[in-house]
Amino acid sequence: MSDTDGPANVLFVVMDTVRKRNLSVYGYDRPTTPNLEDFAEEARVFEQAVAPAPWTLPVHASLFTGLYPSQHKATQENPYLEGTTTLAESLSAADYATACYSSNAWITPYTNLTDGFDDQDNFFQVMPGDTLSGPLSKAWKTMNDSDTLRGFADLLVKMGNTAHEFFAKEGGGDSKTPGIVDRVQEFVAEAEDDDREWFTFVNLMDAHLPYHPPEEFAEEFAPGVDSTGVCQNSKEYNSGARDIDDDEWEDIVGLYDAEIAHIDHHLGRLFDWLRETDRWEDTMVVVCADHGELHGEHDLYGHEFCIYDPLVNVPLLVKGPGLDGGERDEETQVELQDLYHTVLDYAGVDPEVGGPGVGADGEAAEPLDPARSLLSADYRDFASTSGPERTRFSAHAEGDLDDIAFVDYHQPVVELRQLESKASDAGITLETDSRFYSRMRAARRPDAKFVRNERIPDEAYRLDRDPGETENLLGADGEVQDDLADEDEDDAEAVGDVESALGVFEREIDGEWDDVGDEDVLDDMGEEAKDRLQDLGYLE
């Protein structure tokens, strides 16, 4: 456990859909993140942070529970976090003031990701968060659960979605960061007026499609680009219904960079406020992305249908006790769910207040694992420490998984429905034995990665010499190709190590995937889940 003097406040920032490569704090040649560069002088910068999935819901559920997606089960196959005590619930039980501010449609009372937060606001374009919380949230859920009232609820949602698309097209869809920063300041001041330590979680959506940056930032990073004239729908490109040439990709990336710069500007404003009000020294600050983004690499756009490194090797900067500022860690592999343990460690909060393995709400709680706290001298040293059995596998005891991170991507039912719609409109038939219909898992260490695909051949890469993952080392038989192995004799051993680690993960977490037929991928999803996804605007 760490020792802290004074209040142990926590600011936890997720920059949604922000790719590590596009940050100047990580060496990008455009000045997208000058404030994060300044922050890095006081924080540790991690090069090898890995998200457990390539999209919002399962990643945030892992951040809030310390579990892998196959354990907390909040995926597109079942888009709810249930049966598990969250980080916010544990901190609230310890009398922390807790708040969650976001404009991400997955981080709402619908999915239960906001459980445990004293205050939450979703900052939606049309439907503000206070409409989706408290009594009105319960009324809204009642409408959705009623066959009689659901039609009226659907009508309201369709009107809201139409309005949102209009505002997004005009450039206002995701520009909520200024209001979120203002709200954080108000919440922190109110918490301290009540003499309470605070935990504030924010998700900033600017860099998520569609990209319509404020004019000041667009002029610097995408001068002359009309954001309404470029492809802002990844499904149109991924389905083959629309092509994007090099010039358009350059425009798209320029808009994306401008959105990142807008986030950085307001993070700088928030950090300056914490310093000016003498709160900075008493605050642990975590800044990361939940996943990245593809802009044509591997012939994909967005953050679905693959688990390549641009999506799962994410930025991570942490300011906290024992983490020397100005250090860049290029070797230690961090799993994002380790931040759950790091925050608990910093706050000195025991999540098992209801008894062994039981949280404050009576649900299962993941205990603090010292080998998963960035503040611990034993970080990632599983063999020399004891910890919770649920997220420790047999090979952890031998120290064989210290440098391994796992990625767990379930059936992408939401993206598939949208992709199929775009393909159908263009007269295109998608192959069901393709990456679009495939679940995926990976074991990754800094030098090598093995990807298990459900419907397409498995993949293996040497990340140390092929960071772009362009040369699949596996042949048709699933073995390392002889001609490539001759080039580097370590290939077979490196690939064998990560494949073996993935096998341990698969055997001990939930076994093999269930067979899925070629029929509609939503057939196995309950009607209530489909209705809720429609309400969130992710299904047509």
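Residues numbered from 1 in each chain as written. Predicted model: local features only at pLDDT ≥ 70, side-chain atom pairs only at ≥ 80, totals over all residues. Heavy atoms only, no water.

## Quick word on the overall build of the protein chain
- Along the backbone of the protein chain there are 16 helices and 14 strands.
- Sequence separation of 24 or more characterises 69% of the internal contacts of the protein chain that already satisfy a separation of 6 or more.
- Approximately 20700 Å² of the protein chain is accessible, and the part contributed by carbon and sulfur atoms is 43%. (Helix = DSSP H or I, 4+ residues; strand = E, 2+ residues; numbered from the N terminus. Contact = heavy atoms within 4.5 Å. Areas by Shrake-Rupley, 256 points an atom, 1.4 Å probe, with all protein chains shown as cover.)

## Quick notes on helix H2 (residues 56-65)
- Most of H2 sits out of view: 10 of its 10 residues are buried.
- Looking at H2, one finds that the buried residues are Thr56, Leu57, Pro58, Val59, His60, Ala61, Ser62, Leu63, Phe64 and Thr65.
- Where H2 is buried, its residues touch strand S1 (9-15), helix H3 (69-72), helix H4 (87-93), strand S5 (198-204) and helix H12 (338-347).
- Following H2 by one or two positions, Gly66 has its phi on the positive side, about 80°. (Buried < 20%, exposed > 50% of the residue type's maximum accessible area, 1.4 Å probe, protein only.)

## Topic: the sheet that holds strand S3 (residues 97-102)
- If you trace the eight strands from one edge of the open sheet to the other, you get S4-S3-S5-S1-S6-S9-S2-S10, paired in mixed fashion. One side of each edge strand has no neighbouring strand; the edge strands of this open sheet are strand S4 (119-121) and strand S10 (328-335). Averaged over all neighbouring strand pairs, the angle between strand axes comes to 15°, with direction disregarded.
- The pairing of S3 with S5 spans six bridges and is parallel. By the bridge assignment for S5, Tyr101 is matched with Val202.
- Strands S1, S5 and strand S6 (283-288) of the sheet are contacted by helix H10 (residues 246-276), whose axis makes an angle of about 175° with S1. (Pairing = 2+ DSSP bridges. Axes fitted to C-alpha atoms, helices over the stretch in contact; angles between N-to-C directions.)

## Thoughts on the side chain of Thr98
- Structurally, Thr98 is set in strand S3.
- Polar contacts involving the side chain of Thr98 include one to the side chain of Ser92, which spans 2.9 Å.
- Looking at Thr98, its side chain comes within polar contact range of the main-chain oxygen of Gly116, at 3.1 Å.
- Residues within four places of Thr98 in sequence aside, it is in contact with Ala88, Leu91, Ser92, Gly116, Phe117, Asp118, Asp119, Phe187 and Phe199. (Polar contact = N/O pair within 3.5 Å; in protein donor to acceptor, adjacent residues only side chain to side chain.)

## A word on the side chain of Arg279
- With respect to the secondary-structure elements, Arg279 resides in the loop between H10 and S6.
- On the basis of relative accessibility, which here comes to 13%, the residue Arg279 falls in the buried class.
- Sequence-distant contacts of Arg279, defined by excluding residues within four places in its chain, comprise Val188, Ala189, Glu192, Trp273 and Leu274.

## With respect to the nonpolar core
- Among the nonpolar cores identified, the biggest contains 121 residues, and Phe12, Phe199 and Leu339 are the most heavily contacted of them.
- Of all the elements, H10 adds the most residues to this core, at 11 residues.
- Contacts of Leu339, omitting those with residues within four sequence positions, involve Phe12, Leu63, Val286, Cys288, Leu316, Val318 and Leu374.
- Counting 21 residues, the second-largest nonpolar core is a separate cluster that includes Phe393, Ala395, Ala501 and Val504. (Core = buried A, V, L, I, M, F, W, Y, C linked by side-chain atoms within 4.5 Å.)

## Topic: the packing of aromatic side chains
- Under the defined criterion, the tally for this structure stands at 21 aromatic pairs.
- Ring geometry for Phe64 and Phe117: centres 5.8 Å apart, planes at 65°, overall edge-to-face. Placement of Phe64 in helix H2 and of Phe117 in the loop between S3 and S4 is noted, with a sequence separation of 53 residues between them.
- On the numbers, 6.1 Å between centres and 15° between planes, the contact of Phe117 with Phe199 is stacked. Of the two residues, Phe117 is situated in the loop between S3 and S4 and Phe199 in strand S5; the sequence distance between them amounts to 82 residues. As far as the burial class goes, Phe117 and Phe199 line up, both buried. (Phe/Tyr/Trp six-rings, centres within 6.5 Å; stacked < 30°, edge-to-face > 60°.)

## Some remarks on unusual backbone geometry
- Cis geometry marks the peptide bond from Leu209 to Pro210, where omega comes out at 0°.
- Looking at where Pro210 falls in the secondary structure, it is placed in the loop between S5 and helix H8 (215-221).
- Despite not being glycine, Thr17 shows a phi value in the positive range, around 65°.
- Mapped onto the fold, Thr17 is located in the loop between S1 and helix H1 (34-40).
- Judged by relative accessible area, which is 0%, Thr17 ranks as buried.
- The backbone phi angle of His298 is positive, close to 60°, even though this residue is not glycine.
- For His298, the location among the structural elements is in the loop between strand S7 (294-295) and strand S8 (301-302).

## Overview of the pairing of strand S9 (residues 313-319)
- Taking burial as the measure, the seven residues of S9 include seven buried ones, the bulk of the element.
- Where strand S2 (residues 44-50) lies against S9, five bridges are found, and the strand directions are antiparallel. Paired with Val45 across the strands is Leu317, a residue of S9.
- Pairing of S6 with S9, which is carried by four bridges, proceeds in the antiparallel orientation. Residue Cys288 lies in a different strand from S9, and its bridge partner there is Leu316.

## Things to note about the pattern of salt bridges
- The tally for this structure, following the rule as stated, stands at 37 salt bridges.
- Here Asp458 ties to Arg452 by a salt bridge, and the two come within 3.5 Å at their closest N and O atoms.
- A relative accessible area of 21% places Asp458 in the partly exposed class.
- Under the relative-accessibility criterion, Arg452 is labelled buried at 18%. (Salt bridge = Lys/Arg side-chain N within 4 Å of Asp/Glu carboxyl O.)

## A few points about the sheet that holds strand S13 (residues 448-453)
- One open sheet accounts for four strands, arranged S11-S12-S13-S14; its pairing is antiparallel. Every interior strand has two partners, whereas the edge strands, strand S11 (405-409) and strand S14 (459-462), have only one. Going from strand to strand, the sheet's axes swing by 10° on average, the running direction of each strand aside.
- One ladder, built from four bridges, connects S13 with S14; its direction is antiparallel.

## Notes on the environment of Asn112
- With respect to the helices and strands, the residue Asn112 is situated in the loop between S3 and S4.
- Distance from Asn112 to Tyr80, taken between C-alpha atoms, is 6.1 Å for residues 32 residues apart in sequence.

## Digging into a negative patch on the surface
- A contiguous patch of negative charge, built from Glu186, Glu190, Asp193, Asp194 and Asp195, is present on the exposed surface.
- Position of Glu190 among the secondary structure elements: in helix H7 (residues 177-193).
- Note on Glu190: relative accessible area 49%, which makes it partly exposed. (Patch = residues over 30% accessible without salt bridge, like charges linked within 9 Å, V, L, I, M, F, W, Y side chains within 5 Å. Lys, Arg positive; Asp, Glu negative; His and termini not counted. Charge placed at Lys NZ, Arg CZ, Asp CG, Glu CD.)

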